[in-house]
Amino acid sequence: MTDTYRHKGLRKRLIDGIRQKGIRDEAVLKAMEKVPRHLFMDSSFLEFAYEDKPFPIGSGQTISQPFTVAFQTELLEIREGHKVLEVGTGSGYQACILYELGARVFTVERQKSLFLKTKHLLANMNFAIRTFYGDGYKGLQAFAPFDRILVTAAAPYIPDALREQLARGGIMVIPVGADDVQVMKRIIKAEDGIYHEEDHGLFRFVPLLSDRETA
Ligand code: SAH
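For clarity, every value in this text was computed on a predicted model and none was experimentally measured. (Residues numbered from 1 in each chain as written. Predicted model: local features only at pLDDT ≥ 70, side-chain atom pairs only at ≥ 80, totals over all residues. Heavy atoms only, no water.)

A. Local environment of the site of the ligand. Close to the ligand lie 26 residues, the nearest being E86, S91, E109, G136 and L209. E86 has a polar side-chain atom sitting 2.9 Å from a nitrogen atom of the ligand. In the model, an oxygen atom of the ligand is placed 2.6 Å from a nitrogen or oxygen of the E109 side chain. For the ligand, whose free accessible area comes to 580 Å², the fraction covered by protein is 99%. Taking a 2 Å distance to the grid points as the criterion, the majority of the atoms of the ligand fall inside the largest pocket. Counting residues per element, the ones that place at least two in the shell around the ligand are β2 (61-63), α4 (93-100) and β4 (104-109). If you tally residues by element for the shell around the ligand, the top one is β2, at 3 residues. Partitioning the shell around the ligand into residue classes produces 10 nonpolar, 12 polar and 4 charged. (Near = heavy atom within 4 Å. Polar contact = N/O pair within 3.5 Å; in protein donor to acceptor, adjacent residues only side chain to side chain. Areas by Shrake-Rupley, 256 points an atom, 1.4 Å probe, with all protein chains shown as cover. 1 Å grid on protein atoms, 1.4 Å probe; cavity = no way out; pocket = protein on both sides within 12 Å on 5 of 7 lines; lining within 4 Å. Sits in = over half its atoms within 2 Å of the grid points. Helix = DSSP H or I, 4+ residues; strand = E, 2+ residues; numbered from the N terminus. Nonpolar A, V, L, I, M, F, W, Y, C, P; charged D, E, K, R; others polar.)

Shown next as structure tokens:
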């Protein structure tokens, strides 16, 4: 599949809409204007790729709504060279936005089929993103600490491992809530190791599943 002028036009309109909905960080909007979202969805869904909606990507999962991707990414304040952990690789779209912003991206997915599909997709698209098959509740101890941590599924609580794997001066963005709606939390780990917590509104995510639950 290719990225045509028509796709670029649709993408520009989508990004203009997201800007109007309140996203201010132009670097985030620029990265989203660059990454062809339709390449992360099945070809038959082409016409839906540039609507501001989440969409099924198989295995009962979804690619996040573009506004949500923009919102979470803006909260993260990504800078060139940041080491970033994403929990919930899914389609790989969000990981690519982080990569476009200059981050060194590590992303973990617990569903084997999705992990394999996305790993190959990202490699074919020449995105140098490190993909891992594993349980995001545990983070990625071998590569910690991370300057930024992004969770893209609904967490019933903030996993201790993720708190611990956050670098001092780091930021974690995580939707927290066990019901069908979650509070977008931003956790800032100060240089003295103290955590500060902020709330940034309500969102809906698919659940972060634990080891005991079936995928
Ligand atoms: N960031 C994705 C959207 C992810 S949807 C994108 O840009 O497309 C949430 C993803 O989290 C799903 O793919 C789901 O399988 C995954 N997930 C659920 N529980 C998980 C866990 N414990 N560890 C890692 N990934 C998990």
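Right, picking up where we left off after that structure.
B. Quick peek at unusual backbone geometry. Here the bond from A144 into P145 is cis, since omega is 0°, no more than 30 degrees from zero. By the secondary structure assignment, P145 is in the loop between β5 (130-133) and β6 (146-151). The backbone phi angle of E77 is positive, close to 50°, even though this residue is not glycine. Position of E77 relative to the elements: it lies in the loop between α3 (66-76) and β3 (83-87).

C. Structural context of the side chain of K189. Take K189: it is sitting in strand β8 (residues 182-189). Although K189 is buried, it forms no salt bridge, and the closest oppositely charged side chain is E164 at an N-O distance of 8.0 Å. Side-chain polar atoms of K189 contact the backbone oxygen of R163, separated by 3.4 Å. Those residues within four positions of K189 in sequence are excluded, and the remaining contacts are R163, E164, L166, A167, R168, G169, G170, I194 and Y195. (Buried < 20%, exposed > 50% of the residue type's maximum accessible area, 1.4 Å probe, protein only. Lys, Arg positive; Asp, Glu negative; His and termini not counted. Salt bridge = Lys/Arg side-chain N within 4 Å of Asp/Glu carboxyl O. Contact = heavy atoms within 4.5 Å.)

D. Seen up close, the sheet that holds strand β9 (residues 195-203). As summarised here, the arrangement of the 7 strands in space is β5-β4-β3-β6-β7-β8-β9, forming an open sheet in which the pairing is mixed. Where the open sheet ends on each side, the last strands, each with one partner, are β5 and β9. In this sheet, adjacent strand axes meet at a mean angle of 15° when their direction is disregarded. Bridge count for β3 against β4 is 5 bridges, and the pairing is parallel. Across the sheet, V87 pairs through a bridge with V108, a residue of β4. Packed on one face of the sheet, α3 meets β6, β7 (166-176), β8 and β9 and runs near 155° to β7. This element, helix α5 (residues 112-124), spans β4 and β5 of the sheet and lies at about 165° to β5. (Pairing = 2+ DSSP bridges. Axes fitted to C-alpha atoms, helices over the stretch in contact; angles between N-to-C directions.)

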